[in-house]
2 protein chains.
Amino acid sequence: MPVDTRQPADLLIAPRWLVPVEPAGAVLEHHAVVVTAGRISAVLPRAEALRRFDARIVIERPGHVLLPGLVNAHGHAAMTLLRGLADDLPLGDWLGRHVWPAENRWGGPEFVRDGTRLALLEMLGAGITCFSDMYYFPDVVAGLAVEHQVRAVIGMIVIEQPTPWATTTGEYFTKGLVVHDQYRGHPLVSTAFAPHAPYTVSDATLQRLRMLADELDVPVHMHVHETRAEVTEAEQRHGERPLARLDRLGLLSASFAAVHMTALDTADIDLVSERRASVVHCPSSNLKLASGLCPVAALAARGVNLALGTDGAASNNRLDLLGEMRLAALLAKAVSGDARALPAAEALAMATLGGARALGLAEDIGSIVPGKQADFTCIDLDGPATEPVHDVVSQLVYTAPREQVTDVWIAGRPVLADGRHTTIDATEVLARARAWAARMRSA
Amino acid sequence: MPVDTRQPADLLIAPRWLVPVEPAGAVLEHHAVVVTAGRISAVLPRAEALRRFDARIVIERPGHVLLPGLVNAHGHAAMTLLRGLADDLPLGDWLGRHVWPAENRWGGPEFVRDGTRLALLEMLGAGITCFSDMYYFPDVVAGLAVEHQVRAVIGMIVIEQPTPWATTTGEYFTKGLVVHDQYRGHPLVSTAFAPHAPYTVSDATLQRLRMLADELDVPVHMHVHETRAEVTEAEQRHGERPLARLDRLGLLSASFAAVHMTALDTADIDLVSERRASVVHCPSSNLKLASGLCPVAALAARGVNLALGTDGAASNNRLDLLGEMRLAALLAKAVSGDARALPAAEALAMATLGGARALGLAEDIGSIVPGKQADFTCIDLDGPATEPVHDVVSQLVYTAPREQVTDVWIAGRPVLADGRHTTIDATEVLARARAWAARMRSA
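Just so you know, these numbers come straight off a predicted model, no measurement behind them. (Residues numbered from 1 in each chain as written. Chains lettered and ligands numbered in written order. Predicted model: local features only at pLDDT ≥ 70, side-chain atom pairs only at ≥ 80, totals over all residues. Heavy atoms only, no water.)

Caption draft 1: Examining the overall build of chain A more closely. Summing up its helical and strand segments, chain A has 15 helices and 17 strands in all. Scaling as 2.2 N^0.38, a compact globule of 443 residues should have a C-alpha radius of gyration of about 22 Å, and chain A matches this with 21 Å. For chain A, the spread of C-alpha atoms along the principal axes amounts to about 80 × 45 × 45 Å. Residue burial in chain A is summarised as follows: out of 443 residues, 63% are buried. (Helix = DSSP H or I, 4+ residues; strand = E, 2+ residues; numbered from the N terminus. Rg over C-alpha atoms; globule rule 2.2 N^0.38 Å. Buried < 20%, exposed > 50% of the residue type's maximum accessible area, 1.4 Å probe, protein only.)

Here it is as structure tokens:
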């Protein structure tokens, strides 16, 4: 009997197609990815993989495409509980008259726990393996990410108004830093500073934040140029555009992620490009609140790193990064007037590697490359909405719905297995969401 | 034993919520709809319905919303076989260098049959109960609508260039009229004239078409102002904008549906409004081909009837009218700069009653009102993506994915029952789609 010379491995996944995102646009047919200790150990032809590796678990997905786990680079997970509470309103009214009052009335650890669990259920089912969160009670969100085994970048929120989470600026910093300390070096959870927006945080606070971010080596994640009104008011009040102000305060750098970024002029685009900051595009939210349009093609032409976010469910109302990817690709063409803008492969990169870069995690996630974490999303392309398959990347971007996501792995662990959640109790989460709606309705 | 005094009925459906579309924005809780001989006989509270009617079939849907069947007011069904064949290209290149050559090479009755069946499978699963089609071999499409029991408005296409369907203008008319005669008075299939576009049909042909349309009392359905280039070229060549030319030829009327309608100026909007023509908005297609933006809010403000279309799968790439509804609502806000534009209830009306009006079928379909045809779509709102339900209409427009459509009835007959197609063999249709892709790839 011949000696088995195969290398041991934990997991071998053999999909019909494998889209590694690096190199850009590549589609590997009949390949397999091999996972050991939560990381990718090899990507190679299926037959060779089976010959060389003795994997404990072999998953065959003969009508499916395997891609890097989707990275949701901006959101407010707990806001799922406010989904559909106030639609068809502009940002100012929506925030000031509906969202902030609701949060001040209902917001608390229990609200954040139940809302974030609902968001995790929705996001995992949609193939999102890593999410960036900006919300109150980041300690609760971080705990849930660990409990349900989801990769997360937890924002240490700073906003100069009282909320159920903190009252003074000092308290926001202190409480945020406790979360940072608790998760330092954690394999799934990292932290970022999350100053809310230029119009809610003062110069002094932003300077203090920048110093701390430099010392602790954490990224900064901020709503910037969400609307034209934000830009116009800043010019009137401070004689300075918000981006220019952030640059004066030393915030714009490769570790800065600017979310939304509408109403950009050429100087703004130059500035973002020169400072190597990332832009997180949230197309549904920008359209729904009539905030404005992000010039994605112009930013891409200047080499700016682009990521995608769902934003919160109160302004989207879906946590569906495949949907955002499709909308980004469609919208970039209309905004630039050029149907060649943001072609499918570039849109897919935004939803994966671009997001990883924006969150400072590109060494670990965002593409299927040996050495990176084994974060994968597997989508079944065999169905009425996704046949025939002339072009796999086109199908992923323009056609594949999140409902065809069958399997999701994070750090090599299955969190969605053949459509079934393995780390979260869907029935309980949905019951609690319904109970919240009833409670809010009867108030 | 008491005599049963209940009225007999064929079908009684009792959903958690019923959204009749008329009156606009209404949501009826714990109501039922009663169907007799394919038509709606009553809409009333559930308990009263069960007391008054003895229905052969009673369907309870306790976590679902029932709405009128969705009306896809513009498409090219057979083009599903070209899905993803040529993306990220402007209309001119896309048509001239990819789509028309592919159609001339592959197009024929077999292509149309297999492509249309795939489209029917996708559309029925997505809750579409009525579709308007503009394509070659309309005889084949009409036959399939009858075979699979789908309501259809079949376009008698006229385009002044040779195709596999017809060579001369006269042949387009003759062959179209044969289809018209065959389906005159058919309960599911009606016909419309479908001149392709202003730039592919001459004045003389349009005049002949208008006379015939008047005589036969059929609507006219046409691509109009699809791109700014179309408008500019017409102005240069004829000294006249396409809409003005169509008006001069007497085509603009309440039985005219103008598809796409980008690059509209105030005079164009006035003209459409005064002539009471309908506008069929195809938001995904307009974005993807960078065609331009349709000023939906401005048209709505002038009282123009608005409908929604998926367009063909080669330029969308989904036949998902719920998705188009959501995109229309989002995009109208950005285009008008007003987050209150096209609120959820109005977007839902576009996808149902507005479509029915554009196709000349508003007396029979588009709302859940006694006397109308029993065309319904039932959507399960109980799931991670659609909880909690603060607002049913918001959930339908901004959140509900087509994958949560569970049941579809057309003229009172179930065509999708608890997620299962009853009139079409999905396995065979998908196998044929895959075979086409293989054949086209290897050519």
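Caption draft 2: Local environment of the nonpolar core. The biggest cluster of nonpolar side chains holds 251 residues, and the ones touching the most others in it are A:W94, A:F256, B:W94 and B:F256. Ignoring anything within four residues of it in the chain, the contact list for A:W94 reads A:M79, A:A86, A:L89, A:V99, A:L289, A:A314 and A:S315. (Core = buried A, V, L, I, M, F, W, Y, C linked by side-chain atoms within 4.5 Å. Contact = heavy atoms within 4.5 Å.)

Caption draft 3: Summary view of the domain arrangement of chain A. Residue and element names in this part refer to chain A. With domains assigned, chain A is organised as domain 1 (7-68 + 374-411) and domain 2 (70-358). When each unit is reduced to the centre of its C-alpha atoms, the spacing between domain 1 and domain 2 is 29 Å. Tallying the contact residues gives 23 residues for domain 1 and 29 residues for domain 2. When the two sides are added together, the surface that domain 1 and domain 2 hide from each other amounts to roughly 1,900 Å², 68% of it contributed by carbon and sulfur. Counting the contacts that link domain 1 with domain 2 gives three salt bridges. Among the ionic pairs, E122 bridges to R402, the shortest N-O distance being 2.9 Å. Between the two partners, domain 1 and domain 2, sit six residue pairs in polar contact (both at pLDDT 80 or more). When residues of the side of domain 1 that touches domain 2 are traced back to their parent elements, those giving at least two are β5 (53-68), β14 (376-380), α14 (392-399) and β15 (405-410). (Domains from an automatic or database assignment. Buried area = accessible area lost by both parts, 1.4 Å probe. Salt bridge = Lys/Arg side-chain N within 4 Å of Asp/Glu carboxyl O. Polar contact = N/O pair within 3.5 Å; in protein donor to acceptor, adjacent residues only side chain to side chain.)

Caption draft 4: A look at the pattern of salt bridges. Residue and element names in this part refer to chain B. As enumerated under the stated definition, the model contains 68 salt bridges over all chains in all. As a salt-bridge pair, E110 and R432 come within 3.5 Å of each other at their nearest N and O atoms. Of the two residues, E110 sits in helix α3 (residues 109-125) while R432 sits in helix α15 (residues 426-442), which places them 322 residues apart along the sequence. Since its relative accessible area comes to 32%, E110 is described here as partly exposed. In this structure, the salt-bridge partner of D268 is R241, at a minimum N-O distance of 2.5 Å. Taken together, the residues D268 in helix α9 (residues 266-275) and R241 in the loop between α7 (228-238) and α8 (242-248) connect sequence positions 27 residues apart. Side by side, D268 and R241 carry an identical accessibility label, which is buried.

Caption draft 5: Spatial organisation of the interface of chain A and chain B. With 58 residues of chain A at the interface, the matching set in chain B holds 58 residues. In total, chain A and chain B occlude about 4,700 Å² of area from one another, counting both sides; carbon and sulfur atoms represent 59% of this. If you sort the residues of chain A by the area they bury against chain B, A:D88, A:R318 and A:H390 come out on top, with a joint share of 15%. Linking chain A to chain B there are six salt bridges. The shortest N-O distance in the salt bridge between B:R434 and A:E387 comes to 2.9 Å. Seen at the junction of chain A and chain B, the total is 30 residue pairs in polar contact (both at pLDDT 80 or more). Looking at the side of chain A that touches chain B, the elements with two or more residues in it are α3 (109-125), α10 (283-288), α12 (321-336), α14 and α15 (426-441) of chain A. Residues that form the side of chain A that touches chain B fall into these classes: 30 nonpolar, eleven polar and 17 charged. (Nonpolar A, V, L, I, M, F, W, Y, C, P; charged D, E, K, R; others polar.)

Caption draft 6: Representation of the relation of the copies chain A and chain B within the structure. When chain A is brought onto chain B, the operation consists of a screw motion whose angular component is 180 degrees and whose axial shift is 0.0 Å, with 0.0 Å RMSD remaining. Seen this way, the second copy is the image of the first under a two-fold rotation axis. Looking at the rotation axis and the C-alpha trace of chain A, the residue lying nearest is A:E403, at 3.4 Å. Mapped onto chain B, 100% of the interface residues of chain A are again interface residues, and the two copies thus contact each other with one and the same surface. (Least-squares fit on C-alpha atoms with pLDDT ≥ 70 in both.)

Caption draft 7: Spotlight on the packing of α3(A) against helix α4 (residues 138-147) of chain A. All names here are of chain A. Following both chains from N to C, one finds α3 and α4 inclined at 40 degrees, their axes separated by 9 Å at the closest point. It follows from the interaxial angle that α3 and α4 lie oblique. Helix-helix and strand crossings are classified by hand; for α3 and α4 the assignment is right-handed. Along the contact surface, α3 presents P109, V112, R113, T116, R117 and L120, while α4 presents V140, V141, L144 and E147. Classifying every residue of the contact of α3 with α4 by side-chain character gives six nonpolar, one polar and three charged. (Axes fitted to C-alpha atoms, helices over the stretch in contact; angles between N-to-C directions. Parallel < 35°, antiparallel > 145°, perpendicular 65-115°, else oblique. Left-handed = near helix turned anticlockwise from the far one by under 90°.)

Caption draft 8: Fine view of helix α5 (residues 169-182) of chain A. Residue and element names in this part refer to chain A. For α5, spanning 14 residues, the distance from its first C-alpha to its last is 20 Å, which sits close to the expected 20 Å at 1.5 Å a residue. Residues of α5 that are buried: T169, Y172, F173, G176, V179 and H180. In a view along the axis of α5, the buried residues occupy a sector of 125 degrees, so they form one face of it. Along α5, the residues that are exposed and aim more than 90 degrees away from the buried face are V178 and Q182. (Expected span 1.5 Å × (residues − 1). Arc of directions from axis to C-beta.)

Caption draft 9: Seen up close, the side chain of A:N317. With respect to the helices, strands and loops of the structure, A:N317 is situated in the loop between β13 (305-308) and α12. The exposure class of A:N317 is buried, given its relative accessible area of 0%. Side-chain polar atoms of A:N317 contact the side chain of A:K288, separated by 3.1 Å. If we skip the residues at most four places from it in the chain, A:N317 touches A:R83, A:G84, A:D87, A:K288, B:R326, B:S394, B:Y398 and B:T399.

Caption draft 10: Representation of the packing of aromatic side chains. Residue and element names in this part refer to chain A. In the structure shown here, the tally under the stated rule is twelve aromatic pairs over all chains. Ring geometry for W106 against W436: centres 6.4 Å apart, planes inclined by 90 degrees, an arrangement best described as edge-to-face. Separated by 330 residues along the polypeptide, W106 in helix α2 (residues 91-106) and W436 in helix α15 bring together distant segments of the chain. For W106, a relative accessible area of 15% translates into the label buried. We classify W436 as buried; its relative accessible area is 3%. Ring-pair connections join several aromatic residues into one group, and the members of that group are W106, F111 and W436. Here the guanidinium or amino end of R439 rests over the ring plane of W436, the centre of that ring lying 4.3 Å away. (Phe/Tyr/Trp six-rings, centres within 6.5 Å; stacked < 30°, edge-to-face > 60°. Lys NZ or Arg CZ within 6 Å of the ring centre and 35° of its normal.)

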